[in-house]
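# A look at the structure
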Amino acid sequence: MLNNWMVVPTCLPLVRRRCHACTSEHFRASGKFRVNANHKLLDAWLLVLCAGCGETAKLTILERTNVRSVRPELLDQLHDNDLGLTAELLQDPVVQHRNRVALDWDNAWRLDTAGSDHLDREVVDVSVRFAARIPVRPVRLIAEGCGLSRAEVERLITAGKLVSAVRLGGKFSGDFTFTLKRYS
Ligand SMILES: [Zn+2]
């Protein structure tokens, strides 16, 4: 019996970035974009607000980009302040790298175990999938999904009762499957 778990976002992650006006290191998406057209060249920013003082900062999305090379759908989404686009761009490694920011997913995700009720079987196979690029360690997910402490999960891994093709004790974050042989 294969159990399917899914790690899903519950809200937008915070943006890690130092505020120049206060001591906060977190910004939240404002849900707004700013687009500036200069002749045929476009600049576009995603506006974020300091979680401490509300100061606005801009994350560069387009920089002096020829309007002809921009997909019309993207332009529409920018002008409509499309929330889906905000979520997509925040998670875009290119955007993160260009703006030297990282995301903070604390309290912004949940593990959906689809009411797994076969976890008491002798051997349990679980497939874990990520609906977004959310950095959570396998040990933490398994502990939460199986109702165990992280120390118990570590012990099961050491005892060879929790096995996977990925290194469960590491930082790996992405789709994986594991087998729990709790009672063998
Ligand atoms: Zn601030």
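Each remark here, short or long, concerns the structure printed above.
This report concerns the structure included in the present document.

Calculation rules
- Residues numbered from 1 in each chain as written.
- Predicted model: local features only at pLDDT ≥ 70, side-chain atom pairs only at ≥ 80, totals over all residues.
- Heavy atoms only, no water.
- Helix = DSSP H or I, 4+ residues; strand = E, 2+ residues; numbered from the N terminus.
- Buried < 20%, exposed > 50% of the residue type's maximum accessible area, 1.4 Å probe, protein only.
- Contact = heavy atoms within 4.5 Å.
- Areas by Shrake-Rupley, 256 points an atom, 1.4 Å probe, with all protein chains shown as cover.
- Lys, Arg positive; Asp, Glu negative; His and termini not counted.
- Charge placed at Lys NZ, Arg CZ, Asp CG, Glu CD.
- Phe/Tyr/Trp six-rings, centres within 6.5 Å; stacked < 30°, edge-to-face > 60°.
- Lys NZ or Arg CZ within 6 Å of the ring centre and 35° of its normal.
- Pairing = 2+ DSSP bridges.
- Axes fitted to C-alpha atoms, helices over the stretch in contact; angles between N-to-C directions.
- Donors = N, O, S within 2.8 Å, 3.2 Å for Na, K, Ca; no water.
- Tetrahedral: all angles 85-135°; square planar, octahedral: opposite > 155°, others 65-115°.

Moving on, we come to the overall build of the chain. Summing up its helical and strand segments, the chain has 5 helices and 10 strands in all. Oriented by its inertia axes, the alpha-carbon framework of the chain measures out at about 70 × 40 × 25 Å. Within the chain, the fraction of its 184 residues that count as buried is 40%. A fraction of 63% describes how many contacts in the chain between residues 6 or more apart in sequence connect residues 24 or more apart. Entry remark: accessible area of the chain is about 10800 Å², with carbon and sulfur atoms responsible for 46%. Charge separation in the chain, taken as the distance between the mean sites of 26 positive and 21 negative side-chain charges, equals 6 Å.

Here the focus is the packing of aromatic side chains. According to the stated counting rule, one finds 2 aromatic pairs in the structure shown. An aromatic cluster of three or more residues is present, and its members are Trp5, Phe176 and Phe178. Positioned above the aromatic ring of Phe27, the side-chain terminus of Arg17 is 5.8 Å from the ring centre. Seen from the ring of Trp45, Lys58 lies directly overhead, with NZ or CZ sitting 4.2 Å from the centre.

Reading across the sheet, the 5 strands line up as E7-E1-E8-E10-E9 and stay open at both edges, with mixed pairing between neighbours. Edge positions in the sheet fall to strand E7 (109-112) and strand E9 (162-164), since each has one partner strand and no second. Each strand of the sheet is rotated relative to its neighbour by a mean of 20 degrees, with strand direction disregarded. Relative to E7, strand E1 (residues 2-9) runs antiparallel, the two being bridged by 4 bridges.

Here we take up the coordination of the zinc ion. Protein-derived ligands of the zinc ion are Cys19 (SG), Cys22 (SG), Cys50 (SG) and Cys53 (SG), with the metal-ligand distances lying across 2.3 Å. Considering all 4 donor atoms around the zinc ion, the spread of angles at the metal, 103 to 114 degrees, places the coordination shape in the tetrahedral class. All donors of the zinc ion belong to a single chain; written as a sequence motif, their spacing is C-x2-C-x27-C-x2-C. Remark: Cys50 occurs in strand E4 (residues 41-50) and Cys22 occurs in the loop between strand E2 (14-16) and strand E3 (26-38); sequence separation between them is 28 residues. Residue Cys22 is classed as partly exposed on the basis of its relative accessible area, which comes to 27%.

We note that His39 has phi near 55 degrees; this positive angle belongs to a residue other than glycine. With respect to the element layout, His39 can be found in the loop between E3 and E4. A relative accessible area of 79% places His39 in the exposed class. Positive phi outside glycine occurs at Arg64, with the angle close to 40 degrees. The topology assignment puts Arg64 in strand E5 (residues 56-66). A relative accessible area of 54% means that Arg64 is categorised as exposed.

The subject of this paragraph is helix H4 (residues 138-146). Counting buried residues in H4 gives 7 out of 9 residues, a clear majority hidden from the surface. Buried within H4 we find Pro138, Val139, Leu141, Ile142, Ala143, Gly145 and Cys146. Buried positions along H4 lie against E1, E7, strand E8 (124-130), helix H5 (150-158), E9 and strand E10 (176-180). Following H4 by one or two positions, Gly147 has its phi on the positive side, about 70 degrees.

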